[in-house]
Amino acid sequence: MKVKLLVVRHGETDFNKEHRINGQFNSNLTPVGIQESEICGGYLRKLHFDKVLVSDLGRTVKTLQCFEILGDKEVRLRDRNFGPYNGELYASYVRAKHEERQRLCNGSGDIEGQYSVPSASSSCVLSYSFPGVTSDLKNGHINGHKVTNGHGHESRSRDNAYYREMLSEIEPAGVERYEDLFLRIEDLIHDTMYQISEELSKEKQTAKVLFVTHCSPVRMCAMVLSSYSSDQFPKDLRKFNIPNNSISEYKITVCDETHRIDRVELIRLASTKHLHV
């Protein structure tokens, strides 16, 4: 089965204009954010999606309303939890991150043992937590409810150089680490591909899926999918610019027998061409 996955970042917010961290705080869309979301929606409505998932945070829900498309709220599409830096100036977070790294470094500049980067063969614990959401993906639960994760797929993230580099990121206390964000996005992608393949493969051989989310999850989607076609992706996805209302598009081949991802083709990454037609 062929699945076209589009991943869209929300419209511009007040915090974006003020260079503040949105994180898991809500910030209203600006007039420009509303206008561009309406333009983006005009483009997306023509595609007729089989499945639409949206982060449950206010700015993404409002963006989807501007699209005039119906969708289901999905907590795993939430932005990173920046803890005490949610809503703060981005510069204050960067400064705190630098100070935390300095505190944890020894004289040689290496991070102490508990922050060493795991090897490609090391195990990953599929768990994360942030306000309002607690999960243990290893046991398949989120907020005490069963979720359909895993489906027997072997995570390829451990063999991904981007992922191993990301594990070395040091964060101030209370900030969700990139590895936890990566794992919940990876889990969501595999869940979604499995479910839509299982539900629709007997009826049709193509499907379209839309994610409406935030900057960091957009980036994590690219990092997850790059492990299936790394030569098509930028060398360092952590530094790639992701504008508001940009669209990233992937063509994903899912095996009809196992419902697992087989191949990924990158069509476009964080494109805004649709806003200027």
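Scroll up for the structure.
Residues numbered from 1 in each chain as written. Predicted model: local features only at pLDDT ≥ 70, side-chain atom pairs only at ≥ 80, totals over all residues. Heavy atoms only, no water.

Enquirer: Pulling in residues and values, what's your account of the overall build of the chain?
Expert: When its secondary structure is counted, the chain shows seven helices and 10 strands. Nonlocal contacts in the chain, meaning residues at least 24 apart in sequence, comprise 71% of its contacts between residues at least 6 apart. Total accessible area on the chain is roughly 13200 Å²; 48% of this is exposed by carbon and sulfur atoms. (Helix = DSSP H or I, 4+ residues; strand = E, 2+ residues; numbered from the N terminus. Contact = heavy atoms within 4.5 Å. Areas by Shrake-Rupley, 256 points an atom, 1.4 Å probe, with all protein chains shown as cover.)

Enquirer: I'd love a proper account of the pattern of salt bridges, names of residues and values included.
Expert: Within this structure, the stated rule accounts for 16 salt bridges. Here Glu265 ties to Lys251 by a salt bridge, and the two come within 4.0 Å at their closest N and O atoms. On the criterion of sequence distance, the pair formed by Glu265 in strand E10 (residues 261-271) and Lys251 in strand E9 (residues 247-254) is long-range, its members being 14 residues apart. Glu265 gets classed as partly exposed once you look at its relative accessible area, which sits at 34%. Residues joined by salt bridges that share partners form a network here, namely Glu74, Arg76, Asp187 and Asp191. (Salt bridge = Lys/Arg side-chain N within 4 Å of Asp/Glu carboxyl O. Buried < 20%, exposed > 50% of the residue type's maximum accessible area, 1.4 Å probe, protein only.)

Enquirer: How would you summarise the side chain of Thr213 if you had to cite specific residues and measurements?
Expert: Turning to its location among the elements, Thr213 is positioned in strand E8 (residues 206-213). With a relative accessible area of 0%, Thr213 lands in the buried category. Here the side chain of Thr213 touches Leu77 through a polar contact of 2.7 Å, landing on its backbone oxygen. In contact with Thr213, other than residues within four places in its own chain, are Val7, Val8, Arg9, His10, Ser55, Thr60, Leu77 and Val218. (Polar contact = N/O pair within 3.5 Å; in protein donor to acceptor, adjacent residues only side chain to side chain.)

Enquirer: So what's going on with unusual backbone geometry? Which residues, and what values?
Expert: With a phi close to 55 degrees, His48 is a non-glycine residue in the positive phi region. Under the relative-accessibility criterion, His48 is labelled exposed at 63%. A positive phi angle, close to 50 degrees, is found at Ala270, a residue other than glycine. Inspection of the secondary structure assignment puts Ala270 in strand E10. With relative accessibility at 11%, the residue Ala270 sits in the buried group.

Enquirer: Could you give an account of the nonpolar core, with specific residues and numbers?
Expert: Formed by 36 residues in total, the largest nonpolar core has its most connected members in Ile189, Phe211, Leu225, Tyr250 and Ile252. The element that contributes the greatest number of residues to this core is helix H6 (residues 178-200), accounting for eight residues. When near neighbours in sequence (up to four residues on either side) are disregarded, Leu225 contacts Leu5, Ile189, Phe233, Tyr250, Ile252, Ile261 and Val264. Counting residues in each nonpolar core, the second largest holds 15 residues, with Leu6, Leu44, Phe49 and Leu64 among its members. (Core = buried A, V, L, I, M, F, W, Y, C linked by side-chain atoms within 4.5 Å.)

Enquirer: Before we move on, can you summarise the packing of aromatic side chains with the specific residues and values?
Expert: Here the structure, examined in full by the defined rule, presents four aromatic pairs. Ring-pair connections join several aromatic residues into one group, and the members of that group are Phe82, Tyr85, Tyr90 and Tyr93. (Phe/Tyr/Trp six-rings, centres within 6.5 Å; stacked < 30°, edge-to-face > 60°.)

Enquirer: I'd love a proper account of the packing of helix H2 (residues 31-44) against helix H3 (residues 58-67), names of residues and values included.
Expert: Two measures define how a pair of helices packs: the angle their axes make with one another and the distance between the axes. Following both chains from N to C, one finds H2 and H3 inclined at 55 degrees, their axes separated by 7 Å at the closest point. As judged from the angle between their axes, H2 and H3 are oblique. The element H2 and its partner H3 pack so that their crossing is right-handed. Listed contacts from H3 to Ile34, Ser37, Glu38, Cys40, Gly41 and Leu44 of H2 are Thr63, Cys66 and Phe67. Its residues assigned to classes, the contact of H2 with H3 comprises five nonpolar, three polar and one charged. (Axes fitted to C-alpha atoms, helices over the stretch in contact; angles between N-to-C directions. Parallel < 35°, antiparallel > 145°, perpendicular 65-115°, else oblique. Left-handed = near helix turned anticlockwise from the far one by under 90°. Nonpolar A, V, L, I, M, F, W, Y, C, P; charged D, E, K, R; others polar.)

Enquirer: Now, about the environment of Val54: what can you tell me, with residues and values included?
Expert: Mapped onto the elements, Val54 comes out in strand E2 (residues 51-54). On the basis of relative accessible area, Val54 is assigned to the buried category, the value being 2%. For the pair formed by Val54 and Gly71, sequence separation is 17 residues and the distance between their alpha carbons is 6.4 Å. If we skip the residues at most four places from it in the chain, Val54 touches Thr60, Val61, Leu64, Asp72, Lys73, Glu74, Leu77 and Val212.

Enquirer: Please give an account of the sheet that holds E2 that cites residues and values.
Expert: Sheet architecture is open: six strands sit in the order E3-E2-E8-E1-E9-E10, paired in mixed fashion. Single-partner strands in this sheet number two, and they are strand E3 (72-73) and E10. Pairing of E2 with E8, which is carried by four bridges, proceeds in the parallel orientation. Pairing of Val52 across the sheet is with Leu210, part of E8. Most of the contacts of H6 go to E8, to which it runs at about 150 degrees, and overall it touches strand E1 (2-9), E2, E8, E9 and E10. (Pairing = 2+ DSSP bridges.)

Enquirer: So, helix H7 (residues 215-226): which residues are in play, and what are the values?
Expert: Since there are 3.6 residues in each turn of an α-helix, residues three or four apart along the chain are aligned in direction. Here H7 contains 12 residues, and its C-alpha end-to-end distance of 17 Å stays within 8% of the 16 Å for a straight helix at 1.5 Å per residue. Burial analysis of H7 places 11 of its 12 residues in the buried class, the great majority of the element. Every buried residue of H7 is listed here: Ser216, Pro217, Val218, Arg219, Met220, Cys221, Ala222, Met223, Val224, Leu225 and Ser226. (Expected span 1.5 Å × (residues − 1).)

Without other data, these values stay purely geometric and don't point to any function.
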